[in-house]
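Listed below, chain by chain, are the residues.
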Amino acid sequence: MAFLILAAIAVASAVMVVSVKNVVHSAFSLVVTLFSVGCLFILLRAEFLAATQILIYVGSIMILIIFALMLIDIKEANRQRRFHHQSKFVIGIGIILVIEIILFIIPRSEFIESPEKLIARTAEAGGNIQIIGQSLFTDFIFAFEFASIIILVAIVAAIFLGKQPTSIIKKSSVIKDSS
Amino acid sequence: MVPLSWYLSLSAVLFIIGIVGVLVRRNVIVVFMSVELIMNSVNINLIAFSHYLSSITGQIFTIFVITVAAAEAALGLALIVVVYQNKGSINVDEMNVMRW
């Protein structure tokens, strides 16, 4: 039952993200979607990832998006057309796919017994965070270090892009003039 | 207990909504938010399989997906702001400088 409520909230606000005219409103409905997906993670007994989802997505990525919205002219963007010309075709295909999922996949699903093995292992290790930490720092240590390098590269690139926008403008105008 | 395929269906529906948003909207920031929706649906898939197959690997992989999403957010929004400063608009169909 909790799953159905959370899934309905997530899908409804995801539709709002795509369809609402005001960009700020769609940003806030994205917050609702991400939050209810985080609650679904708690239902799946992934407590650490639920906390991570809410901290990183709702906390930092949405703040970044709202800051970017502050840096641009939202009123001008809201006044313009929302959709492309071919949007009816795409929306039709999307609705057909969703109906297919509802008609053919959901009624044929079987109720699986609650998986006890991972729950027992988690309780033995002392919780979800402990078991994630253990495997993250033993089996997946290379991927962990690689992820930190990816973040470092992204931060350096973002700082470079945000640092001197005027020089980039000059360069692009020079290219436009020469062509 | 909710069956596994319900979670997979929810994630597929969110994925389709994200794809439709990427293809349909003209505002770059809404396209960007739709990409975040797509990544979230992938996370639901990974964690549902991790729960029903009794393996922790799906949750570990989700951490890396969230990491890549954070890096992509920082970089993509910096690019959007630079494009806005250069062109004065954030419509997808006006970003055609690199088209030959």
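Rules and cut-offs
- Residues numbered from 1 in each chain as written.
- Chains lettered and ligands numbered in written order.
- Predicted model: local features only at pLDDT ≥ 70, side-chain atom pairs only at ≥ 80, totals over all residues.
- Heavy atoms only, no water.
- Salt bridge = Lys/Arg side-chain N within 4 Å of Asp/Glu carboxyl O.
- Helix = DSSP H or I, 4+ residues; strand = E, 2+ residues; numbered from the N terminus.
- Buried < 20%, exposed > 50% of the residue type's maximum accessible area, 1.4 Å probe, protein only.
- Axes fitted to C-alpha atoms, helices over the stretch in contact; angles between N-to-C directions.
- Parallel < 35°, antiparallel > 145°, perpendicular 65-115°, else oblique.
- Left-handed = near helix turned anticlockwise from the far one by under 90°.
- Contact = heavy atoms within 4.5 Å.
- Nonpolar A, V, L, I, M, F, W, Y, C, P; charged D, E, K, R; others polar.
- 1 Å grid on protein atoms, 1.4 Å probe; cavity = no way out; pocket = protein on both sides within 12 Å on 5 of 7 lines; lining within 4 Å.
- Points joined across faces, edges and corners; volume = space filled by probe spheres on them.

Q: Help me out: how do you make sense of the pattern of salt bridges in this one?
A: Pairing is possible between side chains of opposite charge, provided their charged atoms come close. Residues and elements named next belong to chain B. Summed over the entire model, instances satisfying the criterion amount to one salt bridge over all chains. The partner of Asp 93 in a salt bridge is Arg 26, and the shortest N-O contact between them spans 3.0 Å. Of this pair, Asp 93 sits in the segment after helix H3 (57-87) while Arg 26 sits in the loop between helix H1 (4-24) and helix H2 (28-52), and the two are 67 residues apart along the sequence. A relative accessible area of 9% places Arg 26 in the buried class.

Q: Mind showing me how you'd approach the packing of helix H1 (residues 2-19) of chain A against helix H2 (residues 23-43) of chain A here?
A: When two helices pack together, their arrangement is given by the angle between the helix axes and the distance between those axes. Residues and elements named next belong to chain A. Where H1 contacts H2, the axes come no closer than 8 Å and their chain directions differ by 155°. The pairing of H1 with H2 is recorded here as roughly antiparallel in orientation. Handedness of the crossing formed by H1 with H2: left-handed. Note on element contacts: H2 touches H1 through Ser 26, Ser 29, Leu 30, Val 32, Thr 33, Ser 36, Cys 39, Leu 40 and Leu 43, opposite Ala 2, Phe 3, Leu 6, Ile 9, Ala 10, Ser 13, Ala 14, Met 16 and Val 17. Tallied by class, residues from the contact of H1 with H2 come to 13 nonpolar, five polar and no charged.

Q: Where do I start with empty space enclosed by the protein in this structure?
A: Vacant regions in the atomic arrangement are exposed by a probe of water-molecule size rolled over the atoms. Following the criterion strictly, the structure yields one cavity of 30 Å³ or more and no others. In this structure, the largest cavity spans a volume of roughly 70 Å³. For the largest cavity, the full set of lining residues is Lys21(A), Val23(A), Ala77(A), Asn78(A), Gln80(A), Arg81(A), Arg82(A), Arg25(B), Arg26(B), Asn27(B) and Asn91(B). Classifying every residue of the lining of the largest cavity by side-chain character gives two nonpolar, four polar and five charged.

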